[in-house]
Amino acid sequence: MRIAFMGSPDFAVPALRGLHAAGHEIAAVYCQPPRPAGRGQKEMPCPVHRAALALGLPVRTPARLRRDVAEHEVFAALDLDAAVVAAYGLILPRPMLEAPRRGCLNIHASLLPRWRGAAPIQAAILAGDAESGVTIMQMEEGLDTGPMLLKGSVPIGPRTTTPDLHDALAAMGARLVLQALEQNPPAEPQPEAGATYAPKLSKADAPIDWTLPALVLDRRVRALNPWPGTSFTCQAEAIRVLAAEPAEGAGLPGTMLDDAGVVACGEGALRLLRLQRPGRGSLAVEDFLRGYPLPAGTVLG
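Residues numbered from 1 in each chain as written. Predicted model: local features only at pLDDT ≥ 70, side-chain atom pairs only at ≥ 80, totals over all residues. Heavy atoms only, no water.

Asks: For this particular structure, what's the right way to read the sheet that holds strand 7 (residues 104–108)?
Replies: Sheet strands pair by backbone hydrogen bonding; their relative direction is either parallel or antiparallel. The mixed open sheet is built from seven strands, whose spatial order is 5-2-1-6-7-9-10. Edge positions in the sheet fall to strand 5 (59–60) and strand 10 (148–155), since each of these pairs with one other strand and no more. Looking at chain direction, strand 6 (residues 82–86) and strand 7 are connected through three bridges and run parallel. Paired with Val84 across the two strands is Leu105, which belongs to strand 7. In the packing of helix 6 (residues 162–183) onto the sheet, the strands contacted are strand 6, strand 7, strand 9 (131–138) and strand 10, and the crossing angle to strand 9 comes to about 35 degrees. (Pairing = 2+ DSSP bridges. Helix = DSSP H or I, 4+ residues; strand = E, 2+ residues; numbered from the N terminus. Contact = heavy atoms within 4.5 Å. Axes fitted to C-alpha atoms, helices over the stretch in contact; angles between N-to-C directions.)

Here it is in structure tokens:
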């Protein structure tokens with residue numbers, strides 16, 4: 001089939017490579033424009049952009065689409081059978097949604113209608129869901145509200161992290177979208193019952209609230225790393241918590257219960273496993289505490 005691929009982050013790369021390897025004709029790859037990154041603030045292309053160039057595919061990086069009539073015309077002129085969309089980052093206007101003969105297929109990282117929106121992988125872990133998955137959806141103008149074509153699910157275990165789930169769902173999405181293009185399954189409308197929304201995350205989500213139960217904080221650490229991360233303050237430094245687990249103990253929330261990294265929470269306690277100071281490398285807690293002691297009785301912010 002003649003398709004366009006529209007995606008930006010690492011999550012979308014396996015689907016792009018899978019479509020290319022399967023022999024589909026990829027007329028254009030759309031992704032977010034290069035942005036400044038790193039200490040030198042040099043403009044860097046996104047992961048999909050880099051993958052497309054490595055495959056020798058043409059890339060387009062419009063900054064906006066909604067009112068860009070010229071871009072709508074370019075897209076229509078591609079004469080597409082379908083477009084495949086995976087975490088692109090821009091809303092597609094109606095003229096682009098309707099241009100491909102089979103419309104636009106979205107790879108969404110949740111079991112719709114649960115967790116529509118920008119951060120479905122993190123939302124599933126934060127909520128303590130027992131499973132997540134991928135839905136291949138026919139796109140419409142609503143936010144992740146289009147009819148469903150295929151679904152696949154994976155369990156979320158007690159130690160599953162966002163990177164674990166991200167990689168599993170990215171691989172699953174690549175397989176399912178190929179299946180959807182080949183089989184053209186009937187579309188099933190989404191039920192409104194059970195619909196939830198996963199809002200975009202921000203740096204404001206990073207600080208740890210020690211009054212929350214340890215089980216909730218454990219999920220936050222697993223869900224919010226690597227970004228926006230989870231952190232507490234001590235001696236005016238924001239210390240990142242990269243790994244932790246629930247532990248036995250009780251006390252004033254935020255108080256170190258021993259010299260080995262166990263912190264009292266609103267319910268139970270959290271054992272810190274891996275920490276990082278600003279501008280430093282990450283360390284296992286025992287190595288971190290040798291150079292930055294947090295003795296029993298220390299109150300964390």
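Asks: I would appreciate a short explanation of the pattern of salt bridges in the present structure.
Replies: Two side chains that carry opposite charge are able to pair once their charged atoms sit near each other. Inspection of the entire model under this criterion finds 13 salt bridges. Where Arg94 meets Glu98, a salt bridge forms, and the shortest distance between an N and an O atom there is 2.9 Å. Pair noted here: Arg94 and Glu98 are both in helix 4 (residues 94–98), with a separation of four residues, about one helical turn. On the basis of relative accessible area, Arg94 is assigned to the partly exposed category, the value being 43%. A salt bridge links Arg271 to Glu245, with the shortest nitrogen-to-oxygen separation between them at 3.7 Å. Of this pair, Arg271 sits in strand 15 (residues 269–276) while Glu245 is found in strand 13 (residues 237–247), placing the two residues 26 residues apart along the sequence. With relative accessibility at 30%, the residue Arg271 sits in the partly exposed group. (Salt bridge = Lys/Arg side-chain N within 4 Å of Asp/Glu carboxyl O. Buried < 20%, exposed > 50% of the residue type's maximum accessible area, 1.4 Å probe, protein only.)

Asks: What's the story with the side chain of Ser8 in this structure? I'm lost.
Replies: When you line up the elements, Ser8 lands in the loop between strand 1 (2–7) and helix 1 (13–21). Overall, the relative accessible area of 6% leaves Ser8 in the buried class. Those residues in contact with Ser8 that sit more than four places away from it in its chain are Cys31, Gln32, Cys46, Pro47, Val48, Ala86, Ala87 and Tyr88.

Asks: Looking at this model, I keep getting lost on the layout of surface pockets. Mind explaining?
Replies: A water-sized probe, rolled over the atoms, reveals where empty space remains. By volume, the largest pocket amounts to about 1400 Å³. Residue lining of the largest pocket: 38 residues in total, with Ala87, Gly89, Gly117, Ala118 and Ala119 positioned closest to the centre. Secondary-structure elements contributing two or more residues to the lining of the largest pocket are strand 7, helix 5 (120–126) and helix 6. Looking at the lining of the largest pocket, the element that brings in the most residues is helix 6, giving four residues. Of the residues belonging to the lining of the largest pocket, the class tally is 23 nonpolar, ten polar and five charged. Together, 14 residues line the second largest pocket, and Ser8, Pro9, Gln32, Arg35 and Cys46 are the ones closest to its centre. (1 Å grid on protein atoms, 1.4 Å probe; cavity = no way out; pocket = protein on both sides within 12 Å on 5 of 7 lines; lining within 4 Å. Points joined across faces, edges and corners; volume = space filled by probe spheres on them. Nonpolar A, V, L, I, M, F, W, Y, C, P; charged D, E, K, R; others polar.)

Asks: Would you mind showing me how to read helix 3 (residues 69–77) here?
Replies: In an α-helix, one turn spans 3.6 residues; hence positions three or four apart end up facing the same way. Of the positions making up helix 3, those classed as buried are Glu71, His72 and Phe75. Along the axis of helix 3, the buried residues cluster in a sector spanning 105 degrees; they form a single face. Those residues of helix 3 that are exposed and angled more than 90 degrees off the buried face are Val69, Glu73 and Ala77. Where helix 3 is buried, its residues contact strand 1, strand 2 (25–30), strand 5, strand 6 and helix 4. The first or second residue beyond helix 3 is Asp79, which carries a positive phi of 55 degrees. (Arc of directions from axis to C-beta.)

Asks: Can you help me understand the packing of helix 1 against helix 6 in this one?
Replies: For any two helices packed against each other, one specifies the crossing angle of their axes together with the interaxial distance. Relative to each other, helix 1 and helix 6 sit at 40 degrees, their axes nearing to 8 Å. By the angle between their axes, helix 1 is oblique relative to helix 6. The handedness of the crossing between helix 1 and helix 6 comes out as right-handed. Within the contact between the two elements, helix 1 uses Pro14, Ala15, Gly18 and Leu19 and helix 6 uses Ala170, Ala174, Val177, Leu178 and Leu181. Classifying every residue of the contact of helix 1 with helix 6 gives eight nonpolar, one polar and no charged. (Parallel < 35°, antiparallel > 145°, perpendicular 65-115°, else oblique. Left-handed = near helix turned anticlockwise from the far one by under 90°.)

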